[in-house]
Amino acid sequence: MPSSVEELVELLDLEAIEDNLFRGRQPVTMMQRVFGGQVLAQALVAAIRTTDDRLACHSLHSYFLRPGDTQVPIVYDVEALRDGRSFGTRRVVARQHGRAIFYLTANFQVPEEGLEHQDRMPDVPSPEDCWPAVERGRAQANQDWLREWSALDVRPIADSRGGGTLSGNDHPARSQWWIRASGQLPDDPINQLAAFTYASDMTLLPATLVPHGLYIESPGMQAASLDHSIWFHRPFRADEWWLYDQVSPSASGGRGLALARVFSQDGLLVASVAQEGLIRVHPQD
């Protein structure tokens, strides 16, 4: 995975092969399959590259079909479904070894003024009062974390595990994080949007495990993203702090659903995210 912001920007800069056809590179990684946030972000970049500059992405919906191979590039094939006066739609299929591994549909809109309202941002400690995950990795001599995730500054705030500060009957599975890129990104909105999309897949699935005392790395745990949706409400920067306020309203049938509100540090609700993932627990000897 990219170990710096510069490597992350390079990872999200696709090669144009032909009209509406792009190739995404792979980072050096110890992971057994492609990180979901990577294919999400690369597919979004491919879609954006085929739209008019007047349009901004306001939503995306995607399905993970097969695990991605970390040893070969990913090819992104973009289909223009609609080009209207106000809206445009793109469908992207990501392929490896001649097979589809991922589908994304993204909708775009010419920015306009309209009615405004939003949820209030929760009261949380500031990022400066939260211990960075990378520092936890150093303290625990976790070289895998340092190698794979240093491009992001990720700071856990609290969760409802074990009767913590977020415990309650309404939301038994809740988790909050401060996240940003670990350095300054280019001002280009594509870089900001793609970097956020990349990071949005990091902590959602773990939120579904909070009330069960489990982690993605727990023995016998099989976890994988199945689908992922984002609604972009207002412009923001991924290299400035954003609050990831996550709730898992349900887990059943070996699947967990996570919903998240994304707030900028000054209290704007800038995005909403939803993901369902596989959380299958295998019996241990």
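Caption draft 1: Representation of the overall build of the chain. The secondary structure content of the chain amounts to six helices and 12 strands. Each of the three principal axes of the chain carries a C-alpha extent, and together these read 50 × 50 × 35 Å. Across the 285 residues in the chain, those meeting the buried criterion constitute 50%. Looking at the chain alone, contacts between residues at least 24 apart form 70% of all its contacts between residues at least 6 apart. Of the accessible surface of the chain, which amounts to about 14300 Å², a share of 48% is contributed by carbon and sulfur atoms.

Caption draft 2: Local environment of the pattern of salt bridges. A full pass over the atoms with the stated rule returns 18 salt bridges. A salt bridge links Arg237 to Asp239; the shortest N-O distance between them is 2.9 Å. Judged by relative accessible area, Asp239 falls into the buried class, the value being 11%. Bridged by salt links that share partners, the residues Asp119, Arg174, Asp245 and Arg261 form one connected network.

Caption draft 3: Structural detail: helix α2 (residues 36–48). Along its 13 residues, α2 runs 18 Å from first to last C-alpha, staying within 8% of the 18 Å computed at 1.5 Å per residue. Extensive coverage of α2 is indicated by the burial of 13 of its 13 residues.

Caption draft 4: Inspection of the pairing of strand β11 (residues 255–264) at higher detail. Where strand β10 (residues 242–252) lies against β11, nine bridges are found, and the strand directions are antiparallel. Paired with Trp242 across the strands is Ser264, a residue of β11. Once β10 ends, the chain turns through two residues before running back antiparallel as β11, passing Gly253 with a positive phi of about 60 degrees. Remark: four residues form the turn of the hairpin made by β11 and strand β12 (residues 269–281), two consecutive strands paired antiparallel; Gly267 in that turn has positive phi of roughly 100 degrees.

Caption draft 5: Main features of the side chain of Asp245. Tracing the sequence through the fold places Asp245 in strand β10. Here the side chain of Asp245 touches Arg261 through a polar contact of 2.7 Å, side chain to side chain. With near-sequence residues (within four places) excluded, Asp245 lies in contact with Pro122, Arg174, Ser175, Gln176, Leu259, Ala260 and Arg261.

Caption draft 6: Structural detail: the pairing of strand β5 (residues 87–96). Within β5, seven of the 10 residues are buried, leaving the element largely enclosed by the surrounding structure. In the sheet, strand β4 (residues 74–83) pairs with β5 via eight bridges, with the strands oriented antiparallel. Among the inter-strand pairings, Arg82 is bridged to a residue of β5, identified as Thr89. Hairpin geometry of β4 and β5 is characterised by an intervening segment of three residues between the two adjacent antiparallel strands. Of the pairings in the sheet, the one linking β5 to strand β6 (residues 99–109) comprises 10 bridges and is antiparallel in character.

Caption draft 7: The sheet that holds strand β3 (residues 56–64), seen in detail. Pairing in this open sheet of 12 strands is antiparallel, and the strands run β1-β2-β4-β5-β6-β3-β9-β12-β11-β10-β8-β7 from one edge to the other. Every other strand in the sheet has two partners, leaving β1 (15–18) and β7 (152–159) as the edge strands with one partner each. Across this sheet, the average inter-strand angle for adjacent strands is 25 degrees, counted without regard to direction. Docked against the sheet, α2 engages β2 (21–24), β3, β4, β5, β6 and β9 (221–232), running at close to 45 degrees with respect to β4.

Caption draft 8: Geometry of the packing of aromatic side chains. One pass over the structure, following the stated rule, counts seven aromatic pairs. With a centroid separation of 6.1 Å and 70 degrees between ring planes, the pair formed by Phe196 and Phe232 is classed as edge-to-face. Taken together, the residues span a long stretch of sequence, with Phe196 in helix α5 (residues 189–199) and Phe232 in strand β9 at a distance of 36 residues. For Phe196, a relative accessible area of 0% corresponds to the buried category.

Caption draft 9: Structural detail: α5. Burial analysis of α5 places nine of its 11 residues in the buried class, the great majority of the element. Regarding α5, its N-cap is Asp188, as a side-chain oxygen of that residue lies 3.0 Å from the backbone nitrogen of Ile190 further along.

Caption draft 10: Layout of the nonpolar core. Tyr76, Phe102, Phe196, Tyr198 and Tyr244 are the most contacted members of the largest nonpolar core, which has 61 residues in total. Ranked by residues supplied to this core, first place goes to α2 with nine residues. Excluding residues that lie within four positions of it along the chain, Phe196 makes contacts with Ile230, Phe232, Phe236, Ala238, Trp242, Val262, Ala271 and Val273.

Caption draft 11: View of the environment of Val5. Here Val5 lies in helix α1 (residues 5–11). Between the alpha carbons of Val5 and Ser182 there is a distance of 6.4 Å; along the sequence they are 177 residues apart. Discounting chain neighbours no more than four positions away, the residues touching Val5 are Ala151, Ala181, Ser182, Gly183, Gln184 and Leu185.

Here is what the cut-offs are and how they apply
Residues numbered from 1 in each chain as written. Predicted model: local features only at pLDDT ≥ 70, side-chain atom pairs only at ≥ 80, totals over all residues. Heavy atoms only, no water. Helix = DSSP H or I, 4+ residues; strand = E, 2+ residues; numbered from the N terminus. Buried < 20%, exposed > 50% of the residue type's maximum accessible area, 1.4 Å probe, protein only. Contact = heavy atoms within 4.5 Å. Areas by Shrake-Rupley, 256 points an atom, 1.4 Å probe, with all protein chains shown as cover. Salt bridge = Lys/Arg side-chain N within 4 Å of Asp/Glu carboxyl O. Expected span 1.5 Å × (residues − 1). Pairing = 2+ DSSP bridges. Polar contact = N/O pair within 3.5 Å; in protein donor to acceptor, adjacent residues only side chain to side chain. Axes fitted to C-alpha atoms, helices over the stretch in contact; angles between N-to-C directions. Phe/Tyr/Trp six-rings, centres within 6.5 Å; stacked < 30°, edge-to-face > 60°. Core = buried A, V, L, I, M, F, W, Y, C linked by side-chain atoms within 4.5 Å.

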